[in-house]
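One-letter residues, chain by chain:
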Amino acid sequence: MKKILSGHLIGLLFLIGCSPNDEQPSPGSNENTSDNAGDSQEELNLSIEGLEVIAENLDVPWSIEQIEDTFYVTERTGSIVRIENGEAERQDVELEHEVSTASEAGLLGFVLAPDFSESNQAYAYYTYENSDGQFNRIVTLQLEDDVWREDDLLLDQIPSGTYHHGGRLKIGPDKLLYATAGDASEREIAQDLDSLGGKILRMNLDGSIPVDNPSPDSYVYSYGHRNPQGVTWADDGTMYASEHGDNANDEVNIIEAGENYGWPVIEGEEEQEGMISPLYTSGNEETWAPSGMAYDEGKLYVAALRGSAVLEFDMESGEHHEVISDLGRIRDVRIDDNYLYFVSNNGDGRGTPDNNDDKLYRILLSELE
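Residues numbered from 1 in each chain as written. Predicted model: local features only at pLDDT ≥ 70, side-chain atom pairs only at ≥ 80, totals over all residues. Heavy atoms only, no water.

Focus on the layout of surface pockets
Consideration 1: The computed volume of the largest pocket comes to approximately 660 Å³.
Consideration 2: If you go around the largest pocket, you meet 25 residues; those closest to its centre are Glu65, Val111, Lys170, Ile171 and Arg334.
Consideration 3: Contributing elements (two or more residues each) for the lining of the largest pocket: β3 (61–67), β7 (107–112), α2 (116–119), β11 (169–171), β15 (228–233), β19 (290–296) and β23 (330–336).
Consideration 4: Residue classes in the lining of the largest pocket are distributed as 15 nonpolar, four polar and six charged. (1 Å grid on protein atoms, 1.4 Å probe; cavity = no way out; pocket = protein on both sides within 12 Å on 5 of 7 lines; lining within 4 Å. Points joined across faces, edges and corners; volume = space filled by probe spheres on them. Helix = DSSP H or I, 4+ residues; strand = E, 2+ residues; numbered from the N terminus. Nonpolar A, V, L, I, M, F, W, Y, C, P; charged D, E, K, R; others polar.)

Written as structure tokens, this is what we have:
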């Protein structure tokens, strides 16, 4: 286990090295270079009133998890950072397969088990390669002596490919595990119900298929997705997901069991019978590249990579706007105890890292009003 130094804005933090990232943008990928490449993020950070840095020097962070006052942040390069009381330590992760360094791939989704305080167990989604190809898999991890070890395989051979791995894991209000799976750059598989790619998947915590899934012998909960990377639920149980469009036409959808969300037949504002159009779309002229999501009191908060912002969607008014900007690419968000937490992702090969990037930030929701 390696210690990395963290803290609040007033603290003096030390620099640790970040491993290189070979990820490069592609014409078919929505994760393009940040528009703020020429800006000094260090100067811009100071202009956001109430903003705090909880940890820095993170190495391509992807998911934020929390139990009480302790945070766990996955790094795409294959580590998990534990953050508590202004101190952060990078914990090793021992997996059955080496984490893939392919573009957009790596150690992605992560969620603590509901009984984590007793079991020290979590769930993870990661990309690997073997003689048969490149795949994503969902596993359980066991924490022991500050090392996470792959314990049990729940689902394997989720399509991977050149881009579009999906990767978000969340435990829903029904206590079941949800995973977003991208189309692996093979758009036709999003409409193929025999493929796990281009889907939102749902399973019991032991990896078995829930009897009330749309098809009782399939993990597929919804389909017709391109590259979904965020999932959250409203207080009334409504499920939302964010999705990368093809260069533009990014989406926020209401997810219902068994429904077809159209990719690659329709996207954005297009409509077709039997397919669901999005609740919100960036349209043809704007790109968000939305990732992690959180819900609070009638509002959705969405991390935007290409948009270099945290977006707020008001469910009552139907309007949306930026509540955080000028910090570069944002990968994940979390809300707890009236605070919005989020991680920047400027070291992912698509942004322009500043000193001590990447960082875990927090700000009071009241500061965003």
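Things to note about the pairing of strand β17 (residues 251–255)
Consideration 1: Burial analysis of β17 places four of its five residues in the buried class, the great majority of the element.
Consideration 2: Pairing analysis gives five bridges linking strand β16 (residues 239–243) to β17, with the strands arranged antiparallel. Opposite Ala241, over in β17, you have Asn253 as the bridge partner.
Consideration 3: Both β17 and strand β18 (residues 280–281) contribute to a ladder of two bridges, which runs antiparallel. The residue of β18 that forms the bridge with Glu251 is Thr281. (Buried < 20%, exposed > 50% of the residue type's maximum accessible area, 1.4 Å probe, protein only. Pairing = 2+ DSSP bridges.)

Regarding the pattern of salt bridges
Consideration 1: Throughout the structure, instances matching the rule amount to 18 salt bridges.
Consideration 2: Salt-bridge contacts for Arg362 lead to Glu52; the nearest nitrogen and oxygen are separated by 2.8 Å. With a gap of 310 residues between them, Arg362 in strand β25 (residues 360–364) and Glu52 in strand β2 (residues 52–55) connect regions that are remote in the sequence.
Consideration 3: Two residues, Asp332 and Arg168, come together in a salt bridge whose shortest N-O distance is 3.4 Å. Of this pair, Asp332 sits in strand β23 while Arg168 sits in the loop between β10 (147–159) and β11, placing them 164 residues apart in sequence.
Consideration 4: Judged by relative accessible area, which is 1%, Asp332 ranks as buried.
Consideration 5: A relative accessible area of 2% places Arg168 in the buried class. (Salt bridge = Lys/Arg side-chain N within 4 Å of Asp/Glu carboxyl O.)

Side note on the packing of aromatic side chains
Consideration 1: Within the structure shown, the criterion is met by 13 aromatic pairs.
Consideration 2: A centroid spacing of 5.4 Å and a plane angle of 85° characterise the contact between Phe110 and Trp148, whose relative ring orientation is edge-to-face. Linking Phe110 in strand β7 with Trp148 in strand β10, this pair joins segments that are 38 residues apart in sequence.
Consideration 3: Exposure remark for Phe110: the relative accessible area of 2% places this residue in the buried category.
Consideration 4: Where Tyr178 meets Tyr221, the ring centres are 5.4 Å apart and the plane angle is 90°; that geometry is what we call edge-to-face. (Phe/Tyr/Trp six-rings, centres within 6.5 Å; stacked < 30°, edge-to-face > 60°.)

A few points about the sheet that holds β23
Consideration 1: The sheet built from four strands is open, its strands ordered β2-β25-β24-β23 with antiparallel pairing. Strands with a single pairing partner mark the edges of an open sheet, and in this sheet they are β2 and β23. This sheet shows a mean twist of 30° between the axes of neighbouring strands, independent of strand direction.
Consideration 2: Of the pairings in the sheet, the one linking β23 to strand β24 (residues 339–344) comprises six bridges and is antiparallel in character. Its bridge partner being in β24, Ile330 is matched across the sheet by Ser344. (Axes fitted to C-alpha atoms, helices over the stretch in contact; angles between N-to-C directions.)

Overview of the nonpolar core
Consideration 1: Membership of the largest hydrophobic core comes to 20 residues, with the highest contact counts inside it found for Tyr125, Ile138, Leu155, Ile158, Leu169, Leu177 and Leu201.
Consideration 2: Those elements that provide at least two residues to this core are β7, β8 (121–130), β10, β12 (177–181), β13 (199–203) and β14 (220–223).
Consideration 3: The next biggest cluster of nonpolar side chains, apart from the first, holds 19 residues, and it includes Val310, Val323, Ile324 and Leu365. (Core = buried A, V, L, I, M, F, W, Y, C linked by side-chain atoms within 4.5 Å.)

Let's talk about empty space enclosed by the protein
Sizing a probe to match a water molecule and rolling it over the atoms shows the empty space that remains.
Consideration 1: Applying the stated criterion across every chain yields a total of two cavities of 30 Å³ or more.
Consideration 2: There is about 50 Å³ of room inside the largest cavity.
Consideration 3: Taken together, Gly224, Arg226, Glu243, His244, Gly245, Asn249, Glu251, Tyr261, Trp263, Ile266 and Glu267 make up the full set of residues lining the largest cavity.
Consideration 4: Residue composition of the lining of the largest cavity, grouped by class: three nonpolar, four polar and four charged.
Consideration 5: In this structure, the second largest cavity occupies an estimated 30 Å³ of space.
Consideration 6: Of all the secondary structure elements, the ones that give two or more residues to the lining of the second largest cavity are β3 and β11.
Consideration 7: In terms of residue count, β3 provides more of the lining of the second largest cavity than any other element does, three residues in total.

Some details on unusual backbone geometry
Consideration 1: Going from Trp263 to Pro264, the amide bond is cis rather than trans, its omega being 0°.
Consideration 2: Position of Pro264 relative to the elements: it lies in the loop between β17 and β18.
Consideration 3: Of note, Asn85 is a non-glycine position whose phi angle comes to about 55°, a positive value.
Consideration 4: For Asn85, the location among the structural elements is in the loop between β5 (79–84) and β6 (87–94).
Consideration 5: Judged by relative accessible area, Asn85 falls into the exposed class, the value being 70%.

Side note on a negative patch on the surface
Consideration 1: Taken together, the side chains of Glu68, Asp69, Asp336 and Asp337 define an acidic patch exposed on the protein surface.
Consideration 2: Relative to the helices and strands, Asp69 resides in the loop between β3 and β4 (70–75). (Patch = residues over 30% accessible without salt bridge, like charges linked within 9 Å, V, L, I, M, F, W, Y side chains within 5 Å. Areas by Shrake-Rupley, 256 points an atom, 1.4 Å probe, with all protein chains shown as cover. Lys, Arg positive; Asp, Glu negative; His and termini not counted. Charge placed at Lys NZ, Arg CZ, Asp CG, Glu CD.)

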